[in-house]
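Tertiary structure, described
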Amino acid sequence: KAGARIEHNPQKHNPADFALWKFTLPNEKRDMQWEMDGKMGYPGWHIECSAIILSLLGKTIDIHTGGIDHIPVHHTNEIAQSETVNGVRFSNYWLHNNFIKVNGTKISKSLGNGYTLEDLNKNGYSPFDFRMFLLQGHYRNESNFTFDNLTSAKNRLHNWRNIAALRHQTHDTIQDDGHKSTDDKSISLYATSQAIVEAINEDLNTPKVLMLIDEAFSRVATAQLCKIHRQSLVQLIETIDSLLGLQLLKTTPDIDDNVKRMIMERKIARDQQDWKKSDKLRDELKKSKISIRDTEQDTVWEYIN
């Protein structure tokens, strides 16, 4: 209603009209202003976005994103002015994300309860940990940030990296690859790669994507190294990086020859039941931020979190 929220403006043809251009007040100087009809002024909030899109992307764009709070006013006004002037559809698809709360409370400057990436980094978290946290919830649903939730995401990402590191520890020949592809007991992951692509096409269903990856990786984690289909594992990791941007391949380098030598020496010591030397070598490996996981069949190295 006119005058209910803001003061009545007699220059408007309709109370619901929004400003396309505003004039700079006397004795006021703004960072961005331009002269029009002899007066200094600046664009309204809504027209800024339409102008940027038209000048850089064209009359119709594929995807427009933004928060759910922009649906009733900002995006509606963008559509009204853009389609009126251009005579074509403004955007083919709209993706509106919900809010993130902090400890169950809305983020606000007055409460001072927001965090920057620098704050997270000082507490031992990386931008990739935060990305994993975001991926754990659907973009349409409200999420709640806590350091416990962020720690869970960090641990999940660390486990994924150790699975990615298995590609350095299993090796296939062409014959082995072909055999593993048809062997029911082997771990072939091509189906998972396809499944997560289909899940991401379900309105960016990232929680389902993560669930599918967890299920596949849990099978890999308990498999013998010789049973892991290396080629399909690498393809799955590449698909994950392409869809989720977690850079698993880039952040999981192979260990150097010196570390490999220590692992081999430790295995020999264990075979000879020289537990003192085995424990000493395990401690040396920890200095290189590498831990050892012994199974009945294999010795698997992992990154220390």
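See the structure printed just above.
As a starting point, this report considers the structure included with it.

Criteria and thresholds
- Residues numbered from 1 in each chain as written.
- Predicted model: local features only at pLDDT ≥ 70, side-chain atom pairs only at ≥ 80, totals over all residues.
- Heavy atoms only, no water.
- Axes fitted to C-alpha atoms, helices over the stretch in contact; angles between N-to-C directions.
- Helix = DSSP H or I, 4+ residues; strand = E, 2+ residues; numbered from the N terminus.
- Parallel < 35°, antiparallel > 145°, perpendicular 65-115°, else oblique.
- Left-handed = near helix turned anticlockwise from the far one by under 90°.
- Contact = heavy atoms within 4.5 Å.
- Nonpolar A, V, L, I, M, F, W, Y, C, P; charged D, E, K, R; others polar.
- Phe/Tyr/Trp six-rings, centres within 6.5 Å; stacked < 30°, edge-to-face > 60°.
- Buried < 20%, exposed > 50% of the residue type's maximum accessible area, 1.4 Å probe, protein only.

This brings us to the packing of helix α8 (residues 206-221) against helix α9 (residues 230-244). One can describe the packing of α8 onto α9 by two numbers: an axis separation of 12 Å at closest approach and a directional angle of 160°. Here α8 lies roughly antiparallel to α9, going by the angle between them. Our pair here, α8 against α9, has a crossing hand that is left-handed. Facing α8, whose interface residues are V209, L210, I213, A216 and F217, α9 presents L233, L236, I240 and L244. When its residues are assigned to classes, the contact of α8 with α9 shows nine nonpolar, no polar and no charged.

Taken as a whole, this structure holds ten aromatic pairs when the rule is applied. With a centroid separation of 5.5 Å and an interplanar angle of 80°, the aromatic rings of W301 and Y303 are classed as edge-to-face. Grouping residues by exposure puts W301 and Y303 together as buried. Joined through ring pairs, the aromatic side chains of Y115, Y125, F130, F133, F145 and F147 make up one cluster.

Right, let's get into the packing of helix α1 (residues 45-56) against helix α2 (residues 71-86). Put simply, α1 and α2 touch, their axes get as near as 9 Å, and they point 50° apart. What the angle tells us is that α1 and α2 run oblique. For α1 against α2, the interelement crossing comes out right-handed. Residues W45, H46, I47, C49, S50, I53 and L54 of α1 lie in contact with α2, whose contacting residues are V73, H74, N77, E78, Q81, S82 and N86. Split by residue class, the contact of α1 with α2 holds six nonpolar, seven polar and one charged.

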